[in-house]
Amino acid sequence: MIQKHPHTDICHNGLIGRLGEPWRSYALLARLDRPVGTWLLFLPGVFGIFLAAQGPSLQKRLLYVGLFAIGSLLMRSAGCVINDIWDRKIDAQVSRTAGRPLASGALSLRQGIGLLVLLLLGGLAVLLALPPFCWALAPVAMLFVTFYPTAKRLTWWPQLVMGFTFGFGAPMGYAASQENIDLPGILLYSGVILWQLGFDTIYGFQDMEDDARIGVKSTSRLMLSHARLFVGLCYGLTMAFFAGAAYTAHLAPAFWLPFLLAGLMMAYQVKRLTPHDAPLCLCFFKQNVLIGLILACAFVLGRLGVNGGPLGF
């Protein structure tokens, strides 16, 4: 019998833990006990919403923030269900994931598919409330979501695929405000992809032994001997692309102070990174929510400060 990994991020406490079955298992399958992923999907959308120079009023942007918050919760949960459907046999062999509802048998495959349909219908409702330009991007997002679980079987770069997938909120948010994708939006998405490649590589260090045992590929395994250099390169390029996005979008000087604070936090992670210290890796991964919130403040302040007033309008 596989023992529960001491550093698992599955949480049976709090409100989720008090739910009866099968509702608790449905909540765990949707990752409602672990909001970190929802934040990391949502925050790039906020970056994009406020980066756009030709966007709508502040009130409309705040409406989009609300829609993206709901959509991020639904689509992150949908992505997790898709991932667990694909990986249920692999998850059963990995100590950190053996307790997941589909891997453990707490929910059947049919129940998992039923939850997925409901989540996707909710996501569709949110999408239809966004500008039509976003509708054209949605199939690309779903392609990434569907392909991501297979990436670890095909390539040593599943964390990069994850960056394209979870980072897609950035171009979606930019498209919602700007209703097109131009250079600042491309630079932003590039930075988000590299940011997520960096912190998901840190996250993947927790599973290296199990991944090697069952033959699962990961960027974390590939870059183990150069962990600090690789993560440092990802984070450094992230900040360069974000700076380029801010400059080309003509954000106000208020952008730069929180931007630099986020960069210092990334540099601290690189300096302290120890791949075989699983608790530290999980802590650094979760710390990226705070880094993302600081970056979100940078983009909001940078746009609010344009022309000396709210959005310059």
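In this report, we go over the structure that sits alongside the text. (Residues numbered from 1 in each chain as written. Predicted model: local features only at pLDDT ≥ 70, side-chain atom pairs only at ≥ 80, totals over all residues. Heavy atoms only, no water.)

This part is about the overall build of the protein. Scanning the protein for helices and strands turns up 15 helices and zero strands. A globule of 313 residues ought to have a C-alpha radius of gyration of about 20 Å, and the protein, at 19 Å, matches this closely. By its C-alpha atoms, the protein is 65 × 45 × 35 Å across when sized along the principal axes. Among the 313 residues that make up the protein, the fraction classed as buried is 56%. Within the protein, residue pairs in contact and separated by at least 24 positions form 75% of the contacts whose partners lie at least 6 positions apart. Of the roughly 13700 Å² that the protein leaves accessible, carbon and sulfur atoms contribute 69%. Positive and negative side-chain charges of the protein, numbering 23 and 14 respectively, have mean locations separated by a distance of 2 Å. (Helix = DSSP H or I, 4+ residues; strand = E, 2+ residues; numbered from the N terminus. Rg over C-alpha atoms; globule rule 2.2 N^0.38 Å. Buried < 20%, exposed > 50% of the residue type's maximum accessible area, 1.4 Å probe, protein only. Contact = heavy atoms within 4.5 Å. Areas by Shrake-Rupley, 256 points an atom, 1.4 Å probe, with all protein chains shown as cover. Lys, Arg positive; Asp, Glu negative; His and termini not counted. Charge placed at Lys NZ, Arg CZ, Asp CG, Glu CD.)

Another point: the nonpolar core. Core analysis: the biggest nonpolar cluster contains 92 residues, and Phe47, Leu188 and Phe299 have the highest contact counts within it. When near neighbours in sequence (up to four residues on either side) are disregarded, Leu188 contacts Phe47, Gly48, Leu51, Ala170, Phe242, Ala245 and Phe299. (Core = buried A, V, L, I, M, F, W, Y, C linked by side-chain atoms within 4.5 Å.)

Moving on, we come to helix α14 (residues 256-272). The terminal C-alpha atoms of α14, which comprises 17 residues, lie 24 Å apart, in line with the 24 Å expected from a rise of 1.5 Å per residue. Within the sequence span of α14, burial applies to Pro258, Phe259, Ala262, Gly263, Met265, Met266, Gln269 and Val270. The arc enclosing the buried residues of α14, seen along the axis, measures out at 160 degrees, which places them on a common side. Away from its buried face, by an angle of more than 90 degrees, α14 presents the exposed residues Leu257, Leu260, Leu264 and Lys271. For α14, the secondary structure elements touched by its buried residues are α10 (183-204), α13 (227-248) and α15 (278-304). (Expected span 1.5 Å × (residues − 1). Arc of directions from axis to C-beta.)

Right, let's get into unusual backbone geometry. Here the amide bond leading from Glu21 into Pro22 is cis, since omega sits at 5 degrees, within 30 degrees of zero. On the secondary structure map, Pro22 appears in the loop between α1 (14-18) and α2 (23-29). With a phi angle near 60 degrees, Glu179 is a residue other than glycine that sits in the positive phi range. Mapped onto the elements of the fold, Glu179 is located in the loop between α9 (169-178) and α10.

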